[in-house]
Structure formats: C-alpha cells, structure tokens
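Understanding the architecture of this molecule
The chain contents come next:
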Amino acid sequence: MIRVVVVDDEALVRSGFRMILNASDGIEVVATGDGAGAADVVRRELPDVVLLDIRMPDVDGLTVLRQIQELPAPPYVAMLTTFDTDEYILTALRSGASGFLLKDTEPEQLAQLVRTLAAGGVVMSPKASRALLRSHPGAGAPQDADVARVGLLSERERDVLVLVAEGLSNADIGTRIHLSTGTVKDHVSSILTKLRVTSRVQAALLAERSGLLSHNDDDGATRETGR
C-alpha cells in the first residue's frame, strides 16, 4: 500500500485528491492538511509520497519541503501548482522535490503519477518543464557546458537518462531496455556523477537543457505519466 499525504491550503483540493486516490488500488491517503504543521504530519504518518502545494498563505511549500528533506528518511515529494511556469518550481526541484504536478491533472492519471513517484520516478510533464525552463533566463536554451556533460555519457547511459526523464523507475527502465534493476541503478549513479547533479530530477532538467530530449517532445511523448 502506497501511503500518501496531501498538503494544500484549499480544502476542495485536499478532499478531491483524497477521493480520487483512495478509489485507486494500492493507494491510501493517510492524512491531509495545510502548510501549518505539515512537516509534523509527515513525521507522524511516515508516508511514501507527499503531494505539496507550492504556494500557501501560512507556511509556503518551499519551507515545508525543506523541513521534510531534513527528516531521516524523507518521502518522495511532488509539488502541486496551478501554473506550469510557477517561479518557485525550479527552486523546489533543486531542493529535493521529485517533480511537480499541475492541479488540473486528469483524475485518471493521478494514481499512476503517485505510483511513479513511489517507485522513485520523475513526475514532470514536457509542456510544464519546457515552460519552466523558458521562464528562467538562460535555462531554456542548450548550454555548451550542459551539452559537454551529456557528451561524457556512454550511449547506454544516454538511453537510460532519456528514460529517467520520462519518469520511469529503475525497474521500469530495466524492463524497457532489457537490463537488470541493479545494472540500471549503476548506470543512474554513473549518470549523476558525470552530470554533477544529485537527483534524477536535476538530471532530467539538464537533459532537457542540453537538447537530448527534443526528439521525444516532437513526437508528443509524455514524461508526466511515465508511459
């Protein structure tokens, strides 16, 4: 059972997410709340996944994210936003968030996104990530340094990086390209080292900046669902 905590300042959002997720097999929303005391709820409930509103009037999502990341075994956190160009998203991703969801995500996709998060995958839609990169000066265009770092990867590592950016877990990547989960884990570790990043999300953003994912975006692939 995947344990989920939903943190949002709007009661309607909290109740809607709870209803949708609790109706899905293998997922249970164990608590909901607003920003105040959210870290204490996470500490008490020990969820696998936290869906966290990035903009809240009492305690903002970035503060809650930092508090969660200080826990001994922090859960996977996806930031919730109503805008795909939210100015705080890049900061959240750099601070340890495992991706972000738009609040108007289709209900039938939500459970799969939570499963992707719980498996260690990246949750980030191509449309939203491109808008995010464009909204930060110098972040959206391919950078020589980013291209050079991606160039350090072997062909197999580049294949793995593309699948990481699609949101797949290590096990799903292994199934896709016929490798053991352990081998994929070794590739991911090597990728993070060569790219000089500390998380899968940061690796995905760098892959996007370098232009590695452009052919996937053109054919309409979606990284949001990990399909």
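See the structure printed just above.
What comes next concerns the included structure. (Residues numbered from 1 in each chain as written. Predicted model: local features only at pLDDT ≥ 70, side-chain atom pairs only at ≥ 80, totals over all residues. Heavy atoms only, no water.)

1. What to know about the overall build of the protein chain
Stated precisely, the cut-off is as follows: Where helices and strands are cited, they refer to DSSP runs of H or I of at least four residues and of E of at least two residues respectively, numbered from the N terminus. Think of it in three bands: with a 1.4 Å probe and only protein chains considered, a residue is buried below 20% of the maximum accessible area for its type, exposed above 50%, and partly exposed in between. Whether two residues are in contact is decided by their heavy atoms, any of which lying within 4.5 Å being enough. Note that accessible areas follow from Shrake-Rupley with a 1.4 Å probe, and for residues the cover is restricted to the protein chains shown.
Along the backbone of the protein chain there are 12 helices and five strands. The buried share among the 227 residues of the protein chain stands at 54%. Of the contacts formed within the protein chain by residues at least 6 apart in sequence, a portion of 69% connects residues at least 24 apart. For the protein chain, the exposed surface amounts to about 10300 Å²; the carbon and sulfur share of it is 51%.

2. Details of the pattern of salt bridges
Our working definition: By definition, a salt bridge exists where a carboxyl oxygen of Asp or Glu is found within 4 Å of a side-chain nitrogen of Lys or Arg.
Applying the stated criterion across every chain, the model contains six salt bridges. Here Lys-103 ties to Asp-8 by a salt bridge, and the two come within 2.8 Å at their closest N and O atoms. Here Lys-103, found in the loop between strand S5 (100-102) and helix H5 (107-118), pairs with Asp-8, found in the loop between strand S1 (2-7) and helix H1 (11-22); they are 95 residues apart in sequence, far enough to count as distant. Asp-8 matches Lys-103 in its accessibility class, with the two residues each being buried. With a shortest N-O distance of 2.9 Å, Lys-194 and Glu-157 are connected by a salt bridge. Here the residue Lys-194 occupies a position in helix H10 (residues 181-195), and Glu-157 occupies one in helix H8 (residues 155-165), the gap between them amounting to 37 residues. On the accessibility criterion, Lys-194 (28% relative accessible area) is partly exposed.

3. Re the layout of surface pockets
What counts is decided by this rule: Residues are called lining when one of their atoms sits within 4 Å of a cavity or pocket point, these points coming from a 1 Å grid over the protein atoms alone, where a cavity is a set in which a 1.4 Å probe fits but cannot get out and a pocket is an open set with protein on both sides within 12 Å along at least five of seven lines. Grid points are joined across faces, edges and corners, and a volume is the space filled by probe spheres set on the points. We call Asp, Glu, Lys and Arg charged. Ala, Val, Leu, Ile, Met, Phe, Trp, Tyr, Cys and Pro are nonpolar, and the rest, Gly among them, are polar.
If you add up the space inside the largest pocket, you get close to 270 Å³. By residue class, the composition of the lining of the largest pocket is eight nonpolar, nine polar and one charged.

4. With respect to the pairing of S1
Formally: One bridge is not enough; two strands pair if DSSP finds at least two bridges between them. By definition, the crossover connecting two strands over a helix is right-handed if that path, from the first strand to the second, turns clockwise as seen with the strands pointing away from the viewer.
For S1, the tally of buried residues reaches five of six residues, placing the bulk of the element in the interior. Inspection of the sheet shows S1 paired to strand S2 (residues 27-33) by six bridges, in the parallel sense. Along S2, the bridge assignment pairs Val-7 with Gly-33. Handedness of the β-α-β unit built from S1, H1 and S2 comes out right-handed. When S1 meets strand S3 (residues 49-53), the two strands line up parallel, connected through four bridges. Residue pairing for S3: Val-7 is matched across the bridge by Leu-52.

Note that every value here comes from positions in space, so none of it alone points to a role or purpose.
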